[in-house]
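# Results of the structural survey
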Amino acid sequence: MNFNLTKTQELFRQMIHEFAEKEVKPLAAEIDEQERFPEETVKKMAKLGIFGIPVPKEYGGAGGDNIMYSIAVEELSRYCATTGVVVSAHTSLCMVPILEFGTEEQKKKYLPKLASGEWIGAFGLTEPNAGTDSSAQQTTAVLDGDEWVLNGNKIFITNAGQAGLYVIIAMTDKSQGNRGISAFLVEADTPGFSVGKQELKMGIRGSSTAELIFDNCRIPKENLLGQVGRGFRIAMKTLDGGRIGIAAQALGIAQGALDETVKYTKERKQFGRAIAKFQNTQFQMADLQTKIEAARLLVRSAAFKKDEAIKNDRINYSADSAMAKLYASEVAMEVTTKAVQFHGGYGYTREYPVERMMRDAKITEIYEGTSEVQRMVIAGNLFGKI
Amino acid sequence: MDNTQYKNVFVFAEQRDGVVQSVALELIGKARDLAADLDEQVFAVLLGKGIADSAKTLIEYGADKVIVVDNDNLKDYITEQYTQAMYQVAVEYKPSIILFGATTIGRDLAPRIAARLGTGLTADCTKLEISEDTKEFQMTRPAFGGNLMATIMCPNHRPQMSTVRPGVMQKCSPDASRKGEIINFAPKFDASRFAVKLVETVKEEKASVDISEAKILVSGGRGVGCVEGFDKLRELAKVVGGEVSSSRSMVDAGHMPHDRQVGQTGKTVRPDLYFALGISGAIQHLAGMEESECIIAINKDKFAPIFAVADLGIVCDLNAVVPLLTERLKKEMAK
Amino acid sequence: MKILVCIKQVPDTTEIRIDPVTKTLMREGVPSIMNPDDKGGLELALQLKDKFGAEVTVITMGPPQADLMLREAFAMGADRAILLTDRKFAGADTLATSYALAGAARTLEWDLIITGRQAIDGDTAQVGPEMAEHLGLPQVSYVAGLEYDGKSFTVKKQTEDGYQILQFEGKGLLTVLASAFKSRYMTVGGIVDAYDKEVEIWPADKIDYDESRLGLKGSPTKVVKSFAKELKQPGVIHEVDAEAAVELIINKLKEKHII
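Residue indices begin from 1 for each chain and proceed along its sequence in written order. To label them, take the chains in the order written and letter them from A, then take the ligands in the order written and number them from 1. Residue-level local features of this predicted model are given only where pLDDT is at least 70; pairs of side-chain atoms are given and counted only at 80 or more, and the full residue set underlies all totals for whole chains, interfaces and linings.

### Some words on the overall build of chain C
Note on conventions: DSSP H or I runs of at least 4 residues are helices, E runs of at least 2 residues are strands, and numbering of each starts at the N terminus. Check the secondary structure of chain C and you find six helices and 15 strands. Counting only C-alpha atoms, chain C reaches 65 × 40 × 40 Å along its principal axes. The burial label depends on the number of other C-beta atoms within 10 Å of a residue's C-beta. Counts of 20 or more mean buried, 12 or fewer mean exposed, and intermediate counts mean partly exposed, with C-beta atoms placed from the backbone. Scored against the burial criterion, the 259 residues of chain C give a buried share of 49%. By definition, residue pairs are in contact when their C-beta atoms, positioned from the backbone, come within 7 Å. By sequence separation, contacts in chain C at least 24 residues apart represent 70% of the contacts at least 6 residues apart.

### Structural notes on the interface of chain B and chain C
Contacts between the two partners involve 71 residues from chain B and, on the opposite side, 68 residues from chain C. Among the secondary structure elements, those contributing two or more residues to the side of chain B that touches chain C are α3 (79–93), α4 (106–117), β7 (121–125), β10 (148–153), β13 (197–203), β17 (294–299), β18 (312–315) and α8 (318–334) of chain B. Residue type decides the class: Asp, Glu, Lys and Arg count as charged, Ala, Val, Leu, Ile, Met, Phe, Trp, Tyr, Cys and Pro as nonpolar, and the leftover types, Gly among them, as polar. Of the residues contributing to the side of chain B that touches chain C, the split by class is 37 nonpolar, 17 polar and 17 charged. The pairing of β18 of chain B with strand β15 (residues 236–239) of chain C spans four bridges and is classified as parallel. Across the sheet, residue I314 of chain B finds its bridge partner in β15 of chain C, namely H238 of chain C. Should DSSP find at least two bridges between two strands, the strands are regarded as paired.

### Observations regarding the packing of helix α1 (residues 7–34) of chain A against helix α3 (residues 66–79) of chain A
Residues and elements named next belong to chain A. Every axis corresponds to a line fitted to the C-alpha atoms, with the helix fit spanning only the stretch in contact, and the corresponding angles, defined between N-to-C directions, vary from 0 to 180 degrees. At a closest axis distance of 8 Å, the pairing of α1 and α3 adopts a crossing angle of 25 degrees. As judged from the angle between their axes, α1 and α3 are roughly parallel. The handedness of the crossing between α1 and α3 is right-handed. Contact with α1, carried on its side by Q9, F12, R13, I16, H17, A20, E21, V24, K25 and A28, involves I67, M68, I71, A72, E75, L76, R78 and Y79 of α3 and no other residues of that element. Looking at the contact of α1 with α3 residue by residue, the class counts come to 11 nonpolar, two polar and five charged. For classification, angles of less than 35 degrees are called roughly parallel, those exceeding 145 degrees roughly antiparallel, those between 65 and 115 degrees roughly perpendicular, and all remaining angles oblique. In a left-handed crossing the near helix is turned counterclockwise from the far helix by less than a right angle, and in a right-handed crossing that turn is clockwise.

### Quick look at the environment of L70 of chain C
Along the chain, L70 of chain C turns up in helix α2 (residues 67–76). The contact partners of L70 of chain C, leaving out residues within four places of it in the chain, are V58, T60, A81, L83 and V199 of chain C.

### Digging into the nonpolar core
Core analysis: the largest hydrophobic core is formed by 255 residues, its most contacted members being F184 of chain A together with V11 and V45 of chain B. Sorting elements by how many residues they give to this core places helix α6 (residues 231–267) of chain A first, with 15 residues. With residues near it in sequence (within four places) discarded, V11 of chain B still touches A24, L27, I28, A31, V42, A44, V45 and L99 of chain B. Definition of nonpolar core: a set of buried Ala, Val, Leu, Ile, Met, Phe, Trp, Tyr and Cys residues joined via C-beta atoms within 7 Å. Formed by 48 residues, the second largest nonpolar core is a distinct cluster that contains V251, A287, I298 and F307 of chain B.

### A few points about the interface of chain C and chain A
Contacts between chain C and chain A engage 12 residues on the former and 14 residues on the latter. Of all elements in the fold, only α2 and α5 (188–194) of chain C reach the threshold of two or more residues within the side of chain C that touches chain A. With five residues, the single largest contributor to the side of chain C that touches chain A is α5 of chain C. Its residues placed into classes, the side of chain C that touches chain A shows eight nonpolar, two polar and two charged.

### Regarding the packing of α3 of chain A against helix α4 (residues 81–101) of chain A
Two numbers describe a pair of packed helices, the interaxial angle and the distance between the axes. All names here are of chain A. For the pair α3 and α4, interaxial distance at closest approach is 7 Å and the crossing angle is 155 degrees. Looking at the two axes, α3 sits roughly antiparallel to α4. Where α3 crosses over α4, the handedness of that crossing is left-handed. On α4, the residues that touch Y69, A72, V73, L76 and S77 of α3 are A81, T83, G84, V87, S88 and T91. Across the contact of α3 with α4, the residue classes tally to six nonpolar, five polar and no charged.

### A word on the pairing of strand β9 (residues 137–143) of chain B
Residues and elements named next belong to chain B. Counting buried positions over the seven residues of β9 gives five, a clear majority of the element. As paired elements, strand β8 (residues 127–130) and β9 share four bridges and run antiparallel to each other. Opposite I130, over in β9, you have F137 as the bridge partner. In terms of strand pairing, β9 meets β10 through five bridges, oriented antiparallel. By the bridge assignment, A143 is partnered in β10 with L148.

### Side note on the environment of L95 of chain C
All names here are of chain C. With respect to the helices and strands, L95 occurs in helix α3 (residues 94–106). According to the C-beta neighbour criterion, L95 is buried, with 26 such atoms within 10 Å. With 124 residues separating them along the chain, L95 and S219 place their C-alpha atoms 6.3 Å apart.

### A look at unusual backbone geometry
Trans peptide bonds make up most of the peptide bonds, and negative phi angles are found at most residues other than glycine. Following R158 of chain B, the chain continues to P159 of chain B via a peptide bond in cis, the omega torsion being -5 degrees. When you line up the elements, P159 of chain B lands in the loop between β10 and β11 (160–164). Positive phi is not limited to glycine here, since N8 of chain B has a value of about 85 degrees. Residue classification places N8 of chain B among the buried positions, given that 21 C-beta atoms sit within 10 Å. Notably, A125 of chain C is not glycine yet its phi reads approximately 65 degrees, a positive angle.

### Details of the sheet that holds β8 of chain B
Taken in spatial order, the four strands line up as β8(B)-β9(B)-β10(B)-β14(C) in an open sheet, and their pairing is antiparallel. Bordering the open sheet on either side are β8 of chain B together with β14 (222–228) of chain C, each of which pairs with just one other strand. Looking at each pair of strands side by side, their axes are set apart by 25 degrees on average, direction ignored.

The following block contains the structure:
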């Protein structure tokens, strides 16, 4: 048992922290205000290999691990949750399923482009009528000769329009239920594929969230990811990993809001002294930091287990990542709400970043499985089949 | 090494384009004190081409003797050429102490000579003195970003060498009637070691005065916020006849050029009046300005360390005060 | 081209505070970093590597903890790292430090040596030029730009009132300004590999030396006393609005006969 980061992970933490503070933080308010995708940051991150952290070097990745990946999302989100989710959706939801379920040809073809950041990746599961009940897929894929023909719509897709490659879940045989669902790889410039309207969101406003439209979109037969009928399982496994990314994002938002609050309460004076000197401030903040640290342990432990699972596929980390996401996202909401409260009227203005952080935190309780879904996963693991 | 063989306090009389630099005169001022305590003489060493006339100035400011090396090789400052000349002067005249200005020339030349002579060198001294009892040369300088002062000696090697920042020591008042001796010295140059060629010297146009020479400085820090914020400071500076300077954070952020930076890694300033506007007063900044005659600090944080050195501290938003102050001063000046 | 870059691990002096009671340095919790000018020097070397395929070796003299900084150098792109570490080096001033580094440089192959202008803990700017002298190399300090045409180096040297362009052929030593070379970040791939590479640990015996010139013994300068700087007595602090502030300032300026 060892709770320390390895030397490599620690060196990485230093780098990503410095990068986030110097390159990401100065843009955070601007991209939120303008609802603008942080292209310049994406280019810088690509150059440093941040888009290929857990991908082995043989596929053009950095050869790092999931702890490093979770630290990256945490540190980026500490200053800008938008930047955090761009990396998270790309890594967990697009590269990892290819790495875990793709053929050697698919890995060789797509991973180098994705890991280098030349292409951003995205993942399409949610539909207007398939949200928490994600098995109710209405997008269809039909094999026609050497091609799969996709029809239907996906909504709320992170990185939509920015991505070069989409992992798409679609129904191939409705009669089979969950087992009639398959996964596909769709390149952005495929005819019949288009990106619909951008959502206007409460938070993570710099990230792209949009509809995907498939209108007789034909992709080569070999772009099936995994086996026919295994798509639902691939989606669930992918989300198991994705939740670690979102948990790390929530953790980063929480830590960022607490950092701001510590700084503010030391500067802000009321009744003749810094509000940090009031015991109420100190006790509330102590409780919040404790919760953040607990969330961090859950995130790191889930990431650690995911790394173990790469070597041993009998290790299941679904409940671990669900717990990490459930807890970290609720902590993020609590910390950011209290951070705004500590800032008083200033906290409600855009002059201070906690206002943005509070808006950003909310999504972490919703996407890649709502808190209710996480509880279902955890309970399912706890009770088994009853 | 027999230290008693080494006598007199030498000053490298830095000149640029034939003009003796202020720091050289300041060092002669200090060298006078040291030489008096040691009962020795002050020598200025003037290297260059066509610079012999300046020797008289050095005497007026306190040099007892001026060693002049007037040579084509020394027309422009180049490390090796100057090192050869200065090294031979040191070997020939065996000084006890050599002082250099801590300029881009002095800090380039002094270590080269120290290593050639195999002796010690202490950089950027802020205080030089001869101990009363033992008559030892003590050099005091800041270290760790100005957090700590260290007193350094060079007990067993001669000459004892140090560099001193411009503006730290005081010049003597010039005395045109002072008498001194001018010695022409002809070193032997080894041209085979002249590897570096000077292609060109470019002076960057500066409408403004160097901040270390300014009498009034309007200095801005993080509280100023942005490039535009400095426009307000410039206006204030214009009204009071001062220059704009800044803390390191604003230079690092690219809002101000490096030559406007006050502090340990920037310039040491000692103006009559220093406005510290939105500068929290990190120790490295204080190290560069705390000797200012009068410091007026404006900062939103009443616990900012800058207030510990301020003669007048105002807890307020500088962006509210500065425009009002500028207007008010315009009226005052018009009176 | 082979480049030797001298780097130093230093406490981040902007983080150092003086204990107000004991008047001593509070070093606890102060991070150790690669000296900024040295990092600028490494950046210059790596730019030459990008352009001309130079091989970059970093060398430092220091305690074993300097390993961390050398890993950082690997992760930025350095090819080889050497840690000169030996009790014999302890207590070295700039002359003894430059002597040891020059000794190490003699056992290595290089076309160019790059150091930072100065280190933020000592701010002396002496080790580079002294090293150049020990090795009989031409030097250019305060380097803010460099061009190489395959034969000669054209160097931009920053001065107080502008800059100079200097040129030399063959081997030389440059001391570099951090402000002119914004250093790159470590890459993720570089970090992953950094601990798989070997940091070569060199004791004094790896170099040719005269013992009397190493460490404390070889240091002509001795620190005889160190102390915290006395701060000026504070004046009066007023918490006032902008109008009242202007009045206070005007009065002060009149008192000081500035207006």
